[in-house]
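Single-letter residue listing:
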Amino acid sequence: MEWTAAQAAALDENVRLIEAGAGAGKTAVLVEAYLRRLRSSRVGGDPNRMLALTFSEKAAAEMKSRIQQAIGHDWLLRFKIEAAPISTIHAFASQVIGRYYDHLGFTDPPAIIQGPSAVFLQSEAIDMTIVRLKNEKSPELLSYLIDTPESTLRADLAMLFKKSDVALRWLDAYQEEPEVTAWLNDVLADVDAHHTQMAYQKLVSLGGFFRQCWAVYDTLKRAQGRVDFDDLLRLALTAVRLSDVAADLHAQYPVVLVDEFQDTGTAEWELIKAVSGTNDPLPSERLMVVGDVKQSIYGFKGAQPGRMTQMIAACRTSLPHAHCMLADNFRSLPAIVEFVNGFFAQAFQTAYGDFRLTYQPINCRQAHAPGAVGLAMVAPQDIHAAIRTQVRRLIQNGYRYSDIAILVRQKSSIDPIRKALVTEGIPVLIHAGQGFFQRQEVVDVLMLIQVLSRPDDAVAWVGMLASPWIGISDDSIAKWVENGEGWEAMQNLDLPPVERERVVQWVARFGRWEMQRRVWPLSAVLLMALEEMGWFGYLQQAEDGPQKVANLHKLIQMVAELEQDAQMGLLDLEHALTHHVLQRTLEPDEPASDGIDAVKIMTVHAAKGLEFPAVVLPGLEIPFHFGKADRIYLSEAHGMAMSLGSLLPGENRLRTQIRDRVVGQALDEELRLFYVGCTRAKETLVLIAGSTEFPNAAEQPGSVWEMLAQQVRNFVPGKGVTFGFGFLPDWTQRVSEKP
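Residues numbered from 1 in each chain as written. Predicted model: local features only at pLDDT ≥ 70, side-chain atom pairs only at ≥ 80, totals over all residues. Heavy atoms only, no water.

1. A look at the overall build of the protein
Secondary structure assignment for the protein yields 29 helices and 18 strands. Burial analysis of the protein (739 residues in total) assigns 55% to the buried set. For the protein, restricting intrachain contacts to residue pairs at least 6 apart in sequence, the fraction spanning at least 24 positions comes to 78%. Total accessible area computed for the protein in this model is approximately 31800 Å², and 52% of it derives from carbon and sulfur atoms. (Helix = DSSP H or I, 4+ residues; strand = E, 2+ residues; numbered from the N terminus. Buried < 20%, exposed > 50% of the residue type's maximum accessible area, 1.4 Å probe, protein only. Contact = heavy atoms within 4.5 Å. Areas by Shrake-Rupley, 256 points an atom, 1.4 Å probe, with all protein chains shown as cover.)

Listed below in structure tokens is the structure:
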């Protein structure tokens, strides 16, 4: 491959930080960088001595596949790459835990607990804690419940469990980190801060209850030899900070590559630093990171884009030879590039939060046709009609349905658009944006495997009882748990008639499957069970049905392959599948939809890293929602606070400050999300707003439409660029023939 000057510079072994803009050929450069370091004296050609970390399963799968393609006919090396440590950071964390579990107090490698089973244990921990405090006549609890219903306390504790790592970190920071405590004391010291002080004391009390609940939850998990998803990074970091473990990993991985660095959170970065021997903010000589701050769109998962800007600034000052920028765009035609540069050069100058981004224009390297950008302004009730019209016009202009992607901000927008297209005979393909082991149909079968392997495990059964196969209510599940008897006793419970019928049928079926499992391979039992329930036929008729059925067949085949080891008992098989879930989270969906000529509908997040000949971005007018009315405000970057609502009137300044920072940060991310959506387009970009006029300027825009409107007034397209306020103009030239 012929490299540009910038790409060639990025491949120098001294480069530690690569800024790769949209469409810059980042994956090709990253693959080549991997191969060159693989052949270096530090690594010696052994893929097991290189650690490559990605943010998403999709990116990990693509990177491994591209490396194998670049290797060519060296089959032995290709085989080694298949098992090489190229994975998400959570998958790597699980490897560390599995390897050093004895350093963490486990007697065996822990299994993962997730979904309904994890929620059940958390509820148990809350129940046990509140009952104990009541029995002890805890003054703190009695005082707390004077003005707060117990149901509200339980709901607050359950909410904190959803972000337990962030909540615990801020509860510690408020009391132990000097800079944080100084800022907090300043907020609380104001003479008019009575409401703030009262709310903070309420938060401290809630935090104390939550610590106790979390400790009980942790004890319950450890007693069962389990960890949850939030434990992975924390436990892996605990292990890596042990001197002997650190020495092992530093010796094993002289090179660490990190893709999508802009989307790493605090816990991820701490683990990366520990493994690579890096000190903030400069990357060590063993570390190479690649990313684009403009494409940081995972703030809700804790991403901190400011970390990359700090590293860029530090490299420019202290290690200029270690930093490289890829600004050439090989994806989009001139119309799209000019619109992106013209709009975002202005828009990124407006920082709504405390994160500042300097926009570097991208350079168009695809000038064989002009391309097109169009803006449709329609009445809100005509949005779906406008989408249909745009799709038809694109088809009339030579596109196939499969060339078109409709990208939305929210998953809730997908189904109404799907229905609007399908009713008019337009074929549609929904992209779920999930990895194989996160697909619901796969999760359901994994739960079935759990209860087949441990039929007496109440925690495993909780998930199964809530599954679509049984589907009894939470109250009924609680009755069974309180009853304390085995799964056969379910049919004896006092249940509503419909639920009782389902349970009786299920108990009879499960009894047969369990007996059959003693003589049949598990893969055969699973196939029999799914056929007996008519599950394949049911899923086939569901949305994305062929994909779901193909995934189940893939899972059964995976089980059959694992069963080839004749010495493997059922529990060993379940551990092997747990290994797959944790270690191979990059497993892609079974490609049941290849070759289907259908319009793709997906979120912008799911489209990250993809490209399409024509992109439609509807719903620009949909209002943002940043949880402004939430009772508890929790942000990884800015802190936590709670509202007393009507209990005590007045301003809660701690919550107000945190909320304002969170909203500013979220607005910045919404702008970056719009950037990602626009830069997926290769030839044609269609923007649709459910509004017939431009909104007035606002200090804090309430939608993408308000962001866009502020800048479009000032945007003047250049020669050869089509940009207008009507539907797409006639542009019929096809710039590439599709096979």
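Moving on, there is more to tell.
2. Looking at the pairing of strand β15 (residues 612-617)
Extensive coverage of β15 is indicated by the burial of six of its six residues. Bridge count between strand β12 (residues 404-408) and β15: three bridges; the pairing is parallel. Within the sheet, the bridge partner assigned to Ile406 lies in β15 and is Val616. Two strands pair when backbone bridges link them, and β15 and strand β18 (residues 681-689) are joined in this way by five bridges, in the parallel orientation. The partner of Phe612 across the bridge, within β18, is Ala681. (Pairing = 2+ DSSP bridges.)

3. Some details on the side chain of Asp668
Relative to the assigned elements, Asp668 resides in helix α28 (residues 653-678). No salt bridge is formed by the buried Asp668; its nearest oppositely charged neighbour, Arg672, is found at 5.2 Å. Residues in contact with Asp668, not counting those within four places in the same chain, are Thr350, Ala351, Tyr352, Gly353 and Phe355. (Lys, Arg positive; Asp, Glu negative; His and termini not counted. Salt bridge = Lys/Arg side-chain N within 4 Å of Asp/Glu carboxyl O.)

4. Focus: the sheet that holds strand β8 (residues 323-326)
Strand order in the open sheet formed by six strands is β3-β2-β6-β7-β1-β8, with parallel pairing between adjacent strands. Each edge of the open sheet carries a strand with a single partner, namely β3 (86-88) and β8. Ignoring which end each strand starts from, the neighbouring axes of this sheet average 15° apart. Sheet topology places strand β1 (residues 17-20) next to strand β7 (residues 287-291); three bridges connect them, and they run parallel. Note on β7: the bridge partner recorded for Ile18 is Val290. (Axes fitted to C-alpha atoms, helices over the stretch in contact; angles between N-to-C directions.)

5. Let's talk about the pairing of strand β14 (residues 599-603)
With four of five residues buried, β14 is to be regarded as a mostly interior element. Summarising the sheet, strand β13 (residues 428-430) and β14 pair through three bridges and their orientation is parallel. Of the residues in β14, the one forming a bridge with Val428 is Val599.

6. Some remarks on unusual backbone geometry
Omega for the peptide link from Asp280 to Pro281 comes to -10°, which places this bond in the cis form. Tracing the chain through its elements places Pro281 in the loop between α14 (266-276) and β7. The phi dihedral of Lys137 is positive, around 55°, even though this residue is not glycine. Within the element layout of this structure, Lys137 appears in the loop between α6 (115-135) and α7 (139-144). A residue is classified by how much of its surface remains accessible, and Lys137, at 62% relative accessible area, is exposed. Unlike most non-glycine residues, Glu260 shows phi in positive territory, near 50°.

7. Quick notes on the packing of helix α3 (residues 57-71) against helix α4 (residues 75-82)
Orientation of α3 relative to α4, taken along the N-to-C sense of each, is 170°, at an axis distance of 9 Å. Here α3 is positioned roughly antiparallel relative to α4, judged by the angle of their axes. Facing Lys64, Ile67, Gln68 and Ile71 of α3, the residues of α4 in contact are Leu77, Arg78, Ile81 and Glu82. Grouping the constituent residues of the contact of α3 with α4 by class yields four nonpolar, one polar and three charged. (Parallel < 35°, antiparallel > 145°, perpendicular 65-115°, else oblique. Nonpolar A, V, L, I, M, F, W, Y, C, P; charged D, E, K, R; others polar.)

8. Side note on the nonpolar core
Within the largest apolar cluster, 176 residues are counted, with the highest numbers of intra-cluster contacts made by Tyr174 and Trp461. If one sorts the elements of this core by residue count, α28 sits on top with twelve residues. Setting aside residues no more than four positions away along its own chain, Trp461 makes contact with Val451, Pro455, Ile470, Trp480, Trp487, Met490, Trp506 and Phe510. Formed by 29 residues, the second largest nonpolar core is a distinct cluster that contains Ala20, Leu30, Ala33 and Ile67. (Core = buried A, V, L, I, M, F, W, Y, C linked by side-chain atoms within 4.5 Å.)

9. Structural notes on helix α15 (residues 306-318)
Taking 1.5 Å of rise per residue, 13 residues should cover 18 Å, and α15 covers 18 Å from first to last C-alpha, within 8% of that figure. Buried within α15 are the following residues: Arg307, Met308, Met311, Ile312, Ala314 and Cys315. (Expected span 1.5 Å × (residues − 1).)

10. Overview of the packing of helix α9 (residues 164-176) against helix α10 (residues 178-188)
In the contact formed by α9 and α10, the axes pass within 6 Å of each other and the chain directions differ by 80°. On the basis of the axis angle, α9 is roughly perpendicular to α10. Each of Trp170, Ala173, Tyr174, Gln175 and Glu176 in α9 lies in contact with α10, whose residues at this interface are Pro178, Val180, Thr181, Trp183 and Leu184. A breakdown of the residues in the contact of α9 with α10 according to their chemical character gives seven nonpolar, two polar and one charged.

11. Observations regarding the sheet that holds β12
In space, the six strands of this open sheet follow the order β11-β18-β15-β12-β14-β13, with parallel pairing throughout. Among the strands making up the open sheet, the edge pair consists of β11 (372-377) and β13. Neighbour to neighbour, the strand axes of the sheet diverge by 20° on average, direction disregarded. Note that β12 and β14 share four bridges and pair parallel.

12. Details of the confidence of the model for the protein
Per-residue pLDDT for the protein averages 84, and the proportion of residues at 70 or more is 88%. Segment residues 582-592 is flagged for pLDDT under 50; beyond a separation of four residues in sequence, or across chains, it makes 40 contacts in the model. Low pLDDT, under 50, characterises residues 715-739; the predicted model gives this stretch 68 contacts beyond four residues in sequence or across chains. (pLDDT = per-residue confidence, 0-100.)

13. Here's the deal with α3
With 15 residues, α3 extends 21 Å between its outermost C-alpha atoms, agreeing within 8% with the 21 Å of an ideal straight helix rising 1.5 Å per residue. Looking only at α3, the buried set comprises Glu57, Ala59, Ala60, Met63, Lys64, Ile67, Gln68 and Ile71. Considered in projection along α3, the buried side chains sweep an arc of 165° and stay on one side of the axis. Of the surrounding elements, those touching the buried residues of α3 are α2 (26-38), β2 (50-54), α4, β3 and β6 (255-258). Just downstream of α3, Gly72 is the residue with a positive phi angle, here 80°. (Arc of directions from axis to C-beta.)

14. A word on the pattern of salt bridges
The tally for this structure, following the rule as stated, stands at 35 salt bridges. Among the salt bridges present, the one from Arg331 reaches Glu611, with a minimum N-O distance of 2.9 Å. Here Arg331 is found in the loop between β9 (328-329) and α16 (334-347), whereas its partner Glu611 is found in the loop between α27 (604-607) and β15, with 280 residues between them in sequence. When its relative accessible area of 39% is taken as the criterion, Glu611 is described as partly exposed. Among the salt bridges present, the one from Arg400 reaches Asp597, with a minimum N-O distance of 4.0 Å. Of this pair, Arg400 sits in the loop between α17 (383-396) and β12 while Asp597 sits in the loop between α26 (570-583) and β14, placing them 197 residues apart in sequence.

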